[in-house]
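# Observations on the three-dimensional arrangement
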Amino acid sequence: MVQVLDATLREGEQTPGVYFDRHIKLAVANLLDEIGIDIIETGHPAVTNEIYLAVKSIAKKGFNARIGAHARSIKKDVELALECGVGFLGIFYCVSDERLNGVFKKDLSEAVKQISEVISFAKKENPNLMIRYTPEDTVRSKFENVISAAVGAIEAGADIISVADTTGYMVPGTKNNMFDYISNLKSEFDRRGLKPKIAVHCHNDKGMALANAIEAYRAGAEIIDATVLGLGERAGIVDLAQLLIVLSTDFNEGHWDLKKLPELYSLVSKHSGFPIPANSPIIGANAFTHCAGVHTHAAALNPMHYESLNPDIVGRERHFALDHMSGIASLKYALKVLDIDDLDEDVQKEVLEEVKKVGQRGRTVDLSELPHIVESCKHHKFIKKID
Ligand code: HCA
Ligand code: CU
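What comes next is a walk through the structure. Within any chain, residue numbers begin from 1 and follow the written order of that chain's sequence. Each chain gets a letter, beginning with A, and each ligand a number, beginning with 1, in the order they are written. Local features are withheld for residues below a pLDDT of 70 in this predicted model, meaning they are given only at 70 or higher, and side-chain atom pairs are given and counted only at 80 or more; totals for whole chains, interfaces and linings count all residues. For the side-chain quantities, the full set of heavy atoms in the structure was used; hydrogens and water were omitted.

## Thoughts on the environment of I160
Numbering of helices and strands starts at the N terminus; helices are DSSP runs of H or I of at least 4 residues and strands are runs of E of at least 2. For I160, the location among the structural elements is in strand β6 (residues 160-165). For the exposure calls, accessible area comes from a 1.4 Å probe over protein chains only, and a residue counts as buried if that area is under 20% of its type's maximum, exposed if over 50%, partly exposed in between. Exposure remark for I160: the relative accessible area of 1% places this residue in the buried category. Spatially, the C-alpha atoms of I160 and G90 are 8.9 Å apart, while their sequence positions differ by 70 residues. Sequence-distant contacts of I160, that is, excluding residues within four places in its chain, are made with F88, M130, I131, R132, Y133, K197, A199 and I223. By definition in these notes, contact holds between two residues if any of their heavy atoms fall within 4.5 Å.

## Re the packing of aromatic side chains
Here a Phe, Tyr or Trp ring, Trp counted by its six-membered ring, pairs with any other such ring whose centre lies within 6.5 Å, and the pair is stacked when the planes are under 30 degrees apart, edge-to-face when over 60, and tilted otherwise. Tallying each qualifying case throughout the model produces four aromatic pairs. On the numbers, 5.6 Å between centres and 90° between planes, the contact of F143 with Y181 is edge-to-face. Of this pair, F143 sits in helix α6 (residues 143-156) while Y181 sits in helix α7 (residues 178-191), and the two are 38 residues apart along the sequence. Seen in terms of ring centroids, F320 and Y333 are 4.1 Å apart; in terms of plane orientation they differ by 40°. Their pairing is tilted. Taken together, the residues span a long stretch of sequence, with F320 in strand β10 (residues 319-320) and Y333 in helix α12 (residues 328-337) at a distance of 13 residues. Residue F320 is classed as buried on the basis of its relative accessible area of 10%. Among the residues examined, Y333 registers a relative accessible area of 27% and is labelled partly exposed. A ring has a charge above it when a Lys NZ or an Arg CZ is no more than 6 Å from the ring centre and no more than 35 degrees off the ring normal. Lying across the ring of Y19, K25 places its NZ or CZ 4.4 Å from the centre. If you follow K75 out to its NZ or CZ, it ends over the ring of F121, 4.8 Å from the centre.

## Some remarks on the pairing of strand β4 (residues 88-94)
Taking burial as the measure, the seven residues of β4 include seven buried ones, the bulk of the element. Burial of β4 is two-sided: the residues F88, G90, F92 and C94 facing one way and the residues L89, I91 and Y93 facing the other way are all buried. Bridge count for strand β3 (residues 66-72) against β4 is five bridges, and the pairing is parallel. From the neighbouring strand, A71 faces β4, where its bridge partner is I91. Crossovers are marked right-handed if the path from the first strand over the helix to the second runs clockwise, as seen with the strands pointing away from the viewer. Each parallel crossover has a hand, and for β3 linked through helix α3 (residues 75-83) to β4 it is right-handed. Strand pairing requires that DSSP identify at least two bridges connecting the strands. Two elements, β4 and strand β5 (residues 130-136), share seven bridges in a ladder whose sense is parallel. Across the sheet, G90 pairs through a bridge with R132, a residue of β5.

## Some points on the pattern of salt bridges
We count a salt bridge whenever a side-chain nitrogen from Lys or Arg sits within 4 Å of a carboxyl oxygen from Asp or Glu. One pass over the full model with this rule turns up 25 salt bridges. The shortest N-O distance in the salt bridge between K123 and D159 comes to 3.0 Å. Here the residue K123 occupies a position in helix α5 (residues 108-125), and D159 occupies one in the loop between α6 and β6, the gap between them amounting to 36 residues. A salt bridge links R234 to D205; its shortest N-O distance comes to 2.7 Å. With R234 in the loop between β8 (223-226) and α9 (240-250) and D205 in the loop between β7 (197-202) and α8 (209-218), the pair connects residues that are 29 residues apart, well separated along the chain. Connected via shared salt-bridge partners are R10, E11, E41, R132 and D225.

## What about a nonpolar patch on the surface?
On the surface, F382, I383 and I386 cluster together into a nonpolar patch covering about 310 Å² of accessible area. Position of F382 among the secondary structure elements: in helix α14 (residues 370-386). Patches in this entry comprise residues that are over 30% relatively accessible and not in a salt bridge; like charges within 9 Å are linked, as are nonpolar side chains (Val, Leu, Ile, Met, Phe, Trp, Tyr) within 5 Å. All accessible-area figures derive from a Shrake-Rupley calculation using a 1.4 Å probe, and residue coverage is judged against the displayed protein chains alone.

## Brief notes about the packing of α6 against α7
Packing of α6 against α7 brings their axes to within 11 Å, and their N-to-C directions diverge by 50°. One element, α6, and the other, α7, form an angle in the oblique class. Taken as a pair, α6 and α7 cross one another with a handedness that is right-handed. In this structure, α6 contributes F143, V146, I147, A150, V151 and I154 to the contact, and α7 contributes Y181, N184, L185, E188 and F189. Across the contact of α6 with α7, the residue classes break down as nine nonpolar, one polar and one charged. Only the stretch in contact is used when a helix axis is fitted, and all axes are lines through C-alpha atoms; the angle between N-to-C directions ranges over 0 to 180 degrees. Should an angle lie under 35 degrees it is considered roughly parallel, over 145 roughly antiparallel, and from 65 to 115 roughly perpendicular; all remaining angles are considered oblique. We call a crossing left-handed when the near helix sits turned anticlockwise from the far one by less than a right angle, and right-handed when that turn is clockwise. Throughout, the ten residues Ala, Val, Leu, Ile, Met, Phe, Trp, Tyr, Cys and Pro are labelled nonpolar, Asp, Glu, Lys and Arg are labelled charged, and all others, Gly among them, are labelled polar.

## What to know about the site of ligand 1
The rule for a residue being near a molecule or strand is that one of its heavy atoms must lie within 4 Å of it. Taken together, R10, E11, Q14, H70, F92, R132, T134, E136, A164, T166, H201 and H203 make up all the residues around ligand 1. In this structure, an oxygen atom belonging to ligand 1 sits 2.7 Å away from a side-chain N or O atom of H70. Contact between ligand 1 and H201: an oxygen atom at 3.1 Å from a side-chain N or O atom of the residue. Out of a free accessible area of 360 Å², ligand 1 has 93% covered by protein chains. Ranked by residues supplied to the shell around ligand 1, first place goes to β5 with three residues. Its residues assigned to classes, the shell around ligand 1 comprises two nonpolar, six polar and four charged. Definition of a polar contact: a pair of N or O atoms within 3.5 Å, with one able to donate and the other able to accept a hydrogen when the atoms are protein atoms, and with sequence-neighbouring residues admitted only if both atoms are side-chain atoms.

## Considering the nonpolar core
Formed by 97 residues in total, the largest nonpolar core has its most connected members in Y133, L240, L261 and L264. Here, nonpolar core refers to any group of buried Ala, Val, Leu, Ile, Met, Phe, Trp, Tyr and Cys residues whose side-chain atoms link them within 4.5 Å. The next biggest cluster of nonpolar side chains, apart from the first, holds 16 residues, and it includes L322, A334, I340 and V358.

## Description of the pairing of strand β1 (residues 3-6)
Here β1 shows no split at all, with Q3 and L5 on one side and V4 and D6 on the other all buried. Examined bridge by bridge, β1 and β8 share four bridges and lie parallel to one another. Looking at β8, one finds that L5 is bridged to D225. In terms of strand pairing, β1 meets strand β2 (residues 39-41) through two bridges, oriented parallel. In the strand pairing of β2, L5 is matched with I39. In the classification by handedness, the crossover that spans β1, the intervening helix α1 (residues 22-35) and the parallel β2 is right-handed.

Right, here's the structure in full:
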């Protein structure tokens, strides 16, 4: 059974300008827990005292989800995370020669030593702690470096190795694909008799994050990172709702309460200041709205003609937009929803003309507006009659 790690409160807060107050972080964590998210990464306690306090209060809530903190491979970061009482600790450290030489002025063996020491320390302090080690920018780093650091981390007590596509570099079907990467990594561990869980963290710089995450899953990754609205550094990471839907509907991995997703998304959208684009899959205002006459005609007969996802899966409803594209089927559908069943065909036609006129002005007619159009058309017919 695959697990999903939500990183909205950690990676998501690395979106420029996004900050969640402590009580909002708690509310987000609460909803994530109600949805049944397996691991919640709540922040990096060394960044500010506010984050430290937020991580601590979430960890104290007794959620079913495993509560995690993020830390650099530095003892001080780990101590702060341990003080918060988390059950999961994500430690990251780069392993590429370029970064080690250029930024840290260290060679690989010194880096591996530091990673191993910090992980052994954390494990000794709390043997029940689930520890994930991430070689930052995993997929662009030299494979031997990744293996040395990961093996060192596992021997020191890491339970999970995460493959980070920190720059959204991978593309399915090319030589840089996640399926092969995870498969190769797993066989390296197998050869050494090591059995860490494999996690994956995919950035979305080329819009490939979800596709890469699914590739990783198919190759055996057991934990997948995501955030609400795909928030995160630059173009962000995998979108949580999209990931949960694909895992549940296409891979039979359904242990999440998907109906709570819209509430979670509005909460995060409101407090991150990130509007939900209308055409966003699953959550966007238009995600289950049919528009063109051909579509609405067929979808009114049977929604499967134009839907591969039933809106009910997230507790939403299907809509038929009324605008310049609408045909009589859309209008009839809307009238039925409004319980208006006494309109002559000629009035219906006139109502449709009016709807199209509004549509040509660049907006849709919503259901609260339609009865007024109906009334004015009825009135028009009445006036014509007495003339
Ligand atoms: C970061 C980088 C990171 C780390 C992922 C991880 C990445 O912002 O610190 O620790 O698993 O994308 O590599 O998010
Ligand atoms: Cu990241």
